[in-house]
Amino acid sequence: MPVQKLYVYDSTLRDGTQGEGISFSVDDKLKIVKALDQLGMDYIEAGNPGSNPKDMEFFQRAHRLGLSHAKIAAFGSTHRIGIRVEEDPNIQAVLSAGTQVVTIFGKAWDLHVHEVLNASLADNLEIIRSTVCYLSGLGKEVIFDAEHFYDGYKNNPGYAMQVLKTAAGAGAKTLCLCDTNGAAFPDEIAKVTQSVCTAFQNVRIGIHCHNDVGMAVAGTVMGVLSGAVHFQGTMNGFGERCGNANLCTIIPNLQLKRGYSCIPPERLETLKATSRLVYELANLVPDERKPYVGAMAFAHKGGMHIDAVHKNPVTFEHIHPELVGNQRRFLMSEMSGRSTILSAVQKVDQTIERDSEETKEVLAELKKLENEGYQFEAAESSFELVIRKMLGKYTPYFALEQFKVLSISPNPANYTSSAMIKIMVDGKSEVTAAEGDGPVNALDKALRKALERFYPEIGKMRLIDFKVRVLDGKSATASRIRVLIESTDGEENWSTVGVSRDIVEASWLALVDSVEYMLQKTRGK
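The rules behind these values
- Residues numbered from 1 in each chain as written.
- Predicted model: local features only at pLDDT ≥ 70, side-chain atom pairs only at ≥ 80, totals over all residues.
- Heavy atoms only, no water.
- Helix = DSSP H or I, 4+ residues; strand = E, 2+ residues; numbered from the N terminus.
- Buried < 20%, exposed > 50% of the residue type's maximum accessible area, 1.4 Å probe, protein only.
- Contact = heavy atoms within 4.5 Å.
- Areas by Shrake-Rupley, 256 points an atom, 1.4 Å probe, with all protein chains shown as cover.
- Lys, Arg positive; Asp, Glu negative; His and termini not counted.
- Charge placed at Lys NZ, Arg CZ, Asp CG, Glu CD.
- Core = buried A, V, L, I, M, F, W, Y, C linked by side-chain atoms within 4.5 Å.
- Pairing = 2+ DSSP bridges.
- Axes fitted to C-alpha atoms, helices over the stretch in contact; angles between N-to-C directions.
- Phe/Tyr/Trp six-rings, centres within 6.5 Å; stacked < 30°, edge-to-face > 60°.
- Lys NZ or Arg CZ within 6 Å of the ring centre and 35° of its normal.
- Expected span 1.5 Å × (residues − 1).
- Disulfide = S-S within 2.5 Å.

Caption draft 1: Examining the overall build of the chain more closely. Tallying secondary structure elements over the chain gives 17 helices and 16 strands in all. For the chain, the spread of C-alpha atoms along the three principal axes comes to 80 × 60 × 50 Å. Within the chain, buried positions represent 53% of all 525 residues. Restricting to contacts in the chain with at least 6 residues of sequence separation, those with at least 24 account for 65%. Just so you have it, the chain exposes about 23,700 Å², and 50% of that area is on carbon and sulfur atoms. Here the chain holds 58 positive side-chain charges and 65 negative ones, and the gap between their average locations is 2 Å.

Caption draft 2: Spatial organisation of the nonpolar core. Phe149 and Phe231 are the most contacted members of the largest nonpolar core, which totals 88 residues. If we skip the residues at most four places from it in the chain, Phe149 touches Ala108, Ala160, Met161, Leu164, Leu177, Cys178, Val192 and Val196. In terms of nonpolar packing, the next biggest core, distinct from the first, is built from 33 residues, Val425, Phe454, Val504 and Trp508 among them.

Caption draft 3: Local environment of the sheet that holds strand E12 (residues 417-425). Taken in spatial order, the 3 strands make up an open sheet running E11-E12-E13, and their pairing is antiparallel. Each edge of the open sheet carries a strand with a single partner, namely strand E11 (399-407) and strand E13 (428-436). Going across the sheet, the axis of each strand differs from the next one's by a mean of 10°, ignoring polarity. With 9 bridges connecting them, E12 and E13 associate as antiparallel partners.

Caption draft 4: Looking closely at the packing of aromatic side chains. All chains considered together, the criterion is met by 10 aromatic pairs. Taken together, a centroid distance of 5.6 Å and an interplanar angle of 75° make the contact between Phe238 and Tyr279 edge-to-face. With Phe238 in the loop between strand E8 (230-233) and helix H10 (247-257) and Tyr279 in helix H11 (residues 271-281), the pair connects residues that are 41 residues apart, well separated along the chain. With 5.0 Å between their ring centres and 40° between their planes, Phe403 and Trp508 make a pair best called tilted. Taken together, the positions of Phe403 in strand E11 and Trp508 in helix H17 (residues 503-523) put the pair 105 residues apart, joining distant regions of the chain. Overall, Phe403 belongs to the partly exposed group, its relative accessible area being 25%. The rings of Phe149, Tyr150 and Tyr153 are connected pair by pair, giving a single aromatic cluster. For the cation-ring pair, Arg14 lies above Phe75, with the distance from its terminal atom to the ring centre recorded as 3.7 Å. Lying over the aromatic face of Tyr7, Arg204 brings its terminal NZ or CZ to 3.5 Å of the ring centre.

Caption draft 5: The arrangement of the environment of Arg267 in detail. Inspection of the secondary structure assignment puts Arg267 in the loop between H10 and H11. Residue classification places Arg267 among the partly exposed positions, given a relative accessible area of 22%. For the pair Arg267 and Leu39, spaced 228 residues apart in sequence, the C-alpha to C-alpha distance is 5.5 Å. When near neighbours in sequence (up to four residues on either side) are disregarded, Arg267 contacts Asp37, Gln38, Leu39, Gly40 and His69.

Caption draft 6: Highlighting the sheet that holds strand E15 (residues 481-488). One open sheet holds the 3 strands; their spatial order is E14-E15-E16, and the pairing between them is antiparallel. At either margin of the open sheet sits one strand with a lone partner, and together these are strand E14 (462-470) and strand E16 (493-500). For this sheet, the mean inter-axis angle between neighbouring strands, taken without regard to orientation, is 20°. As defined by bridge partners, E15 adjoins E16 across 8 bridges and the pair is classed as antiparallel. Looking at the pairing, Ile481 lines up with Ser500 of E16. Of the strands in this sheet, E14, E15 and E16 touch H17, which is tilted by about 145° from E16.

Caption draft 7: Molecular detail of helix H15 (residues 380-391). Given a rise of 1.5 Å per residue, 12 residues ought to cover 16 Å, and the 16 Å separating the end C-alpha atoms of H15 matches this to within 8%. Listing the buried residues of H15 in full gives Ser381, Ser382, Phe383, Leu385, Val386, Ile387, Arg388 and Leu391. Gly392 lies just past H15 and shows a positive phi near 75°.

Caption draft 8: Region of the structure containing the pairing of E15. Across the 8 residues of E15, 8 count as buried, placing the element largely inside the fold. Across the two faces of E15 the burial is the same, with Ile481, Val483, Ile485 and Ser487 and Arg482, Leu484, Glu486 and Thr488 all buried. Turn length for the E15-E16 hairpin, with the two strands adjacent in sequence and antiparallel, is 4 residues, and the turn residue Gly490 shows positive phi of about 95°.

Caption draft 9: Representation of the state of the cysteines within the structure. Per the counting criterion, the structure on display carries 0 disulfides. Take Cys176: it sits in no disulfide, and the sulfur closest to it among the cysteines is that of Cys178, at 4.5 Å. Judged by its relative accessible area of 0%, Cys176 is buried. Free of any disulfide, Cys248 has its nearest neighbouring cysteine sulfur in Cys262, separated by 13 Å. You can call Cys248 buried: its relative accessible area is 0%.

Structural data, given as structure tokens:
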């Protein structure tokens, strides 16, 4: 039996940017389009050219990308009532984007027709007909998004179906059923979608869900199982309010679990990397608990779980992580057994055995450090450095002689702190100073300034997250502090930890570990 092809429509660059705190430059959008094309998306909805100049600039530059797989779609609404479609500026803006595919949304809920458009039901059908007819007559592939379709069907099923009939009759190639309020339950979506697929067998039926009740992925899957062959969503579930259906979950669910063809199988292993790229360009910290692509998706902590996974990964993993570009992680904590420690130790030295003295010593050191307040399950890079030092596999690339930090308040300039550090590299002493937004930023700048002369690759590294945890509230301001730092070189992220009663020292320890880890992995090769 042949594998059924589904058409994947990505709306990250339009619907996704309507999410709070999400914005992309034109260059960002172009990078994301190239990545989505390489991933294997069929359609990329790249913006509304009638809404802002940035989207228009994007479409002008996007034609030069030379995409190998995806079709770019321009997005817009039906023309305004009282204006001929040929004279509507928004329709002309959509055409000026020069895309072969045009997605047009129209009202499918009679409530919206009366209270938002302030129009009659007949007028709404006419602007749908004339808009789709005009665009399809110009040779465009028209995708019609039936906005609020499931709410409209619930309230007035006859009219909602008439909207679809009008769009299909005017030349729409795909009718996309939208759960715009994100409140439809999967069983409702299944029942309604099946009815639509039965009624419209000569056009593609699609589905577009929002996540307001946490069921966007489930609703989309049920829509496909009920006959839809086109589905829309965004990378990482970005979108307005609670977000859109998350393509990073839907695609592997349908392809790996149900046997559909969504994207080329060999490209599925780039899913996590593409997810990370979109997070990075949005300047957002990745949600590590996301299915399939999150760092915690295949992370194991319980000793019995870890032992079972060592024997057979199927015991606690529903797929092989590598299928989506992820990897298995065994978390280091006081709950870890020797099997867990051994996997970490063997990353440094493969000759070490489970019952060796080295493994016992590393396990004892882990428990000692965690008793002091260290936590390595979210700072595996620091733990790798501990192992390297214990096994004699550590190369010291620099040594701190001293540092000083001065904070100024009230702040007469743009910077609130300054730092001076003195380090030793290959017997050479280096003294540098820097100003920053706070003591940690000043130390970070000073350390980079000192090291980049010796290790230019430091310039690629940057701090992307900084967390502070008070470990013992009873001691008030004298409490022990744990600082967790996440860094990146643009290709890999790593986390390091520092603990002290001095927050600046704890930050310094985590910061130094982050730099040392990068040097170990780059220079060590």
